[in-house]
Amino acid sequence: MDTLDPDPLPDICTTVGADGRLVRELLDRIGDKWSLLIVASLRDGPRRFTAIGQAVGGISQRMLTLNLRHLQRDGLVTRTSYPEVPPRVEYQLTDLGCSLLNPALALARWAGDNAPLVRAHRDAFDRTAS
């Protein structure tokens, strides 16, 4: 396959060695249904749990909790709890999480730009596969 990049990335499958499993886990994490949306919702600074859920839309509280915990474990998000009444908890991207923003947003732009073309290919496939 031709590429426009004069310095293509090395074959990630053969260059990561012992970290290959972790690389696959990270790709699974950022490629899941919710993680990139959560990361993108935090791009402008800290947010409370409810605000993240509203920004992402369609995510249950349980799934948001699980995904935030995974992102926190991976070092992409921090959780700060304030000793107030009522309790206040905020989530914020770490430097590592911020470093994911540009590639994630580029991928989202690609998806938005190419959605009509992908839809056309799916429709054509479905017509011939039936």
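One can find the structure itself at the top, above this paragraph.
Residues numbered from 1 in each chain as written. Predicted model: local features only at pLDDT ≥ 70, side-chain atom pairs only at ≥ 80, totals over all residues. Heavy atoms only, no water.

Peer 1: What's the story with the side chain of Arg29 in this structure? I'm lost.
Peer 2: Its place among the elements puts Arg29 in helix H2 (residues 20–30). In this structure Arg29 comes out as buried when scored by relative accessible area, which is 17%. In this structure the side chain of Arg29 is engaged in a polar contact, spanning 3.2 Å, whose partner is the side chain of His70. Setting aside chain neighbours within four positions, we find Arg29 in contact with Ser35, His70, Leu71 and Asp74. (Helix = DSSP H or I, 4+ residues; strand = E, 2+ residues; numbered from the N terminus. Buried < 20%, exposed > 50% of the residue type's maximum accessible area, 1.4 Å probe, protein only. Polar contact = N/O pair within 3.5 Å; in protein donor to acceptor, adjacent residues only side chain to side chain. Contact = heavy atoms within 4.5 Å.)

Peer 1: Help me understand the packing of helix H4 (residues 49–56) against helix H5 (residues 61–73), please; the structure alone is not making it clear to me.
Peer 2: Between two packed helices, both the angle of their axes relative to each other and the distance between the axes serve to describe the pair. The interhelical angle for the contact between H4 and H5, taken along N-to-C directions, is 105°, at an axis separation of 11 Å. Here H5 runs roughly perpendicular to H4, going by the angle between their axes. Contacts from Phe49, Ile52 and Gly53 in H4 reach Gln61, Leu64, Thr65 and Leu68 in H5. Here the residues of the contact of H4 with H5 sort into 4 nonpolar, 3 polar and no charged. (Axes fitted to C-alpha atoms, helices over the stretch in contact; angles between N-to-C directions. Parallel < 35°, antiparallel > 145°, perpendicular 65-115°, else oblique. Nonpolar A, V, L, I, M, F, W, Y, C, P; charged D, E, K, R; others polar.)

Peer 1: Can you walk me through the sheet that holds strand S2 (residues 77–82) in this structure?
Peer 2: The pairing of strands in a sheet happens through backbone hydrogen bonds and is either parallel or antiparallel. Pairing within the open sheet is antiparallel, and its 3 strands lie in the order S1-S3-S2. Sheet topology places strand S1 (47–48) and S2 at the edges, where each strand pairs with a single neighbour. The pairing of S1 with strand S3 (residues 88–93) spans 2 bridges and is antiparallel. Looking across to S3, one finds that Arg47 is bridged to Tyr91. (Pairing = 2+ DSSP bridges.)

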